[in-house]
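# Per-entry structural report
Take a look at the letters that make up each chain.
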Amino acid sequence: VIYGYVVQAAAGSVAMVYLLAAIGMLLTGNSYGRLAEAFPLAGGGYAFVSRGLSRLAGFLIGWAMAGMYIVLLPLLYIFGAYALRAMLPAVPVQVWLLAFIVINTWANYRGLEVTRNILKYILGAELLIYLWTVIACLMAVAQGVEGAAFTPAPFYAPGQFELLAVMAGLSIAVFNFGGPEMLTTLGEETRGGAKTLGIGVLVAFVALGSLYLLLVY
């Protein structure tokens, strides 16, 4: 869903948008990694701001994080439900929404270990779909389907490049990078200590940026 809005806003320079987003999020990931090492506490941004600035600022950030989670999950449920309805029109959106709520509630009730195992299977499925899509795109380019070819146009096309359009797409594309910073909320559960957590956050942002850039190009 986010990718569709980026394509619409970026006026063709979609790879440039994701390249800039990846660079920005890499810097952000580096900051989160360093903060996780300095403050190896559960709470993520709340803990960092409370210890680094003040308890009042941390209090405000904590509520901002809670608000983000409250808004983000229902949006993900809605996006997912409509995507599944497009694949299976006979199943109402409300059924998918209820399924998401029940599964996530059950996983959270069972604890972190169960949630982690479920996420491993989800990640495996996502990577298979990703690989399938990339191979299909490479085959399309190799066969020249509808004039498909490797060109610099997704980064920069003379006469079509619009900086304002790229920045508009960038403001949307950053939503694709949500997630790795949430790892820092596990500051007290991570095996290997704070340094492992910091490296994990940074590696996650690098992986996301690379995967997105390859796919959109």
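Reference entry: report on the structure contained in this document. (Residues numbered from 1 in each chain as written. Predicted model: local features only at pLDDT ≥ 70, side-chain atom pairs only at ≥ 80, totals over all residues. Heavy atoms only, no water.)

The subject of this paragraph is the overall build of the protein chain. Looking only at helices and strands, one finds 8 helices and 0 strands in the protein chain. Starting at the N terminus, the α and β elements of the protein chain follow one another as α-α-α-α-α-α-α-α. With the C-alpha coordinates aligned to their principal axes, the bounding extent of the protein chain is approximately 55 × 45 × 30 Å. The long-range share in the protein chain, meaning contacts at least 24 apart out of those at least 6 apart in sequence, stands at 65%. Split by element, the accessible area of the protein chain, about 14100 Å² in all, is 72% carbon and sulfur. Distance between charge centres in the protein chain, computed from 9 positive and 8 negative side chains, equals 11 Å. (Helix = DSSP H or I, 4+ residues; strand = E, 2+ residues; numbered from the N terminus. Contact = heavy atoms within 4.5 Å. Areas by Shrake-Rupley, 256 points an atom, 1.4 Å probe, with all protein chains shown as cover. Lys, Arg positive; Asp, Glu negative; His and termini not counted. Charge placed at Lys NZ, Arg CZ, Asp CG, Glu CD.)

Counting residues in each nonpolar core, the largest one holds 20 residues, and the members touching the most others are V6, V17, Y18, A173 and F177. Of all the elements, helix α2 (residues 14-38) adds the most residues to this core, at 9 residues. (Core = buried A, V, L, I, M, F, W, Y, C linked by side-chain atoms within 4.5 Å. Buried < 20%, exposed > 50% of the residue type's maximum accessible area, 1.4 Å probe, protein only.)

Moving on, we get to the packing of helix α1 (residues 2-10) against helix α7 (residues 163-173). Relative orientation of the contacting elements α1 and α7 amounts to 170°, with a least axis distance of 8 Å. With respect to α7, the element α1 is oriented roughly antiparallel. Two secondary-structure elements touch here, α1 through I2, Y5, V6, A9 and A10 and α7 through A165, A168, G169, I172 and A173. Of the residues contributing to the contact of α1 with α7, the split by class is 9 nonpolar, 1 polar and no charged. (Axes fitted to C-alpha atoms, helices over the stretch in contact; angles between N-to-C directions. Parallel < 35°, antiparallel > 145°, perpendicular 65-115°, else oblique. Nonpolar A, V, L, I, M, F, W, Y, C, P; charged D, E, K, R; others polar.)

We now examine the environment of G62. Of note, G62 is situated in helix α4 (residues 55-87). Residue G62 is classed as partly exposed on the basis of its relative accessible area of 21%. Taking the C-alpha atoms as reference points, G62 and L183, separated by 121 residues in sequence, lie 15 Å from one another.

With that out of the way, let us pick up the pattern of salt bridges. Enumeration according to the criterion identifies 1 salt bridge in this entry. Here E113 ties to R116 by a salt bridge, and the two come within 2.7 Å at their closest N and O atoms. Of this pair, E113 and R116 are both found in helix α6 (residues 112-142), 3 residues apart, which corresponds to roughly one turn of the helix. Residue classification places E113 among the partly exposed residues on the basis of a relative accessible area of 46%. Its relative accessible area of 32% is what places R116 among the partly exposed residues. (Salt bridge = Lys/Arg side-chain N within 4 Å of Asp/Glu carboxyl O.)

Turning our eyes to something else, we now look at the packing of α2 against α7. At their nearest, the axes of α2 and α7 sit 9 Å apart, and the two run at 55° to each other. In terms of their interaxial angle, α2 and α7 are classed as oblique. You can see that α2 and α7 cross each other, and the crossing is right-handed. Residues M16, V17, Y18, L20 and A21 of α2 form the contact with α7, whose participating residues are V166, G169, L170 and A173. (Left-handed = near helix turned anticlockwise from the far one by under 90°.)

Now for the packing of aromatic side chains. Taken as a whole and assessed by the stated rule, the structure comprises 8 aromatic pairs. Ring plane angle 20° and centroid distance 5.8 Å describe the contact between Y77 and F100, whose orientation is recorded as stacked. Within this pair, whereas Y77 is found in helix α4, its partner F100 is found in helix α5 (residues 93-110), the two being separated by 23 residues in sequence. On the basis of relative accessibility, which here comes to 16%, the residue Y77 falls in the buried class. Judged by centre distance (5.3 Å) and plane angle (70°), the ring pair of F177 and Y212 falls under edge-to-face. Taken together, the residues span a long stretch of sequence, with F177 in the loop between α7 and α8 (193-216) and Y212 in helix α8 at a distance of 35 residues. Taking the relative accessible area as the measure of exposure, F177 reaches 0% and is therefore buried. (Phe/Tyr/Trp six-rings, centres within 6.5 Å; stacked < 30°, edge-to-face > 60°.)

Now for unusual backbone geometry. Not every positive phi belongs to a glycine, and A11 is a case in point at roughly 55°. Assignment of secondary structure puts A11 in the loop between α1 and α2. Judged by its relative accessible area of 34%, A11 is partly exposed. At E146, a position not held by glycine, the phi torsion is positive, near 50°.

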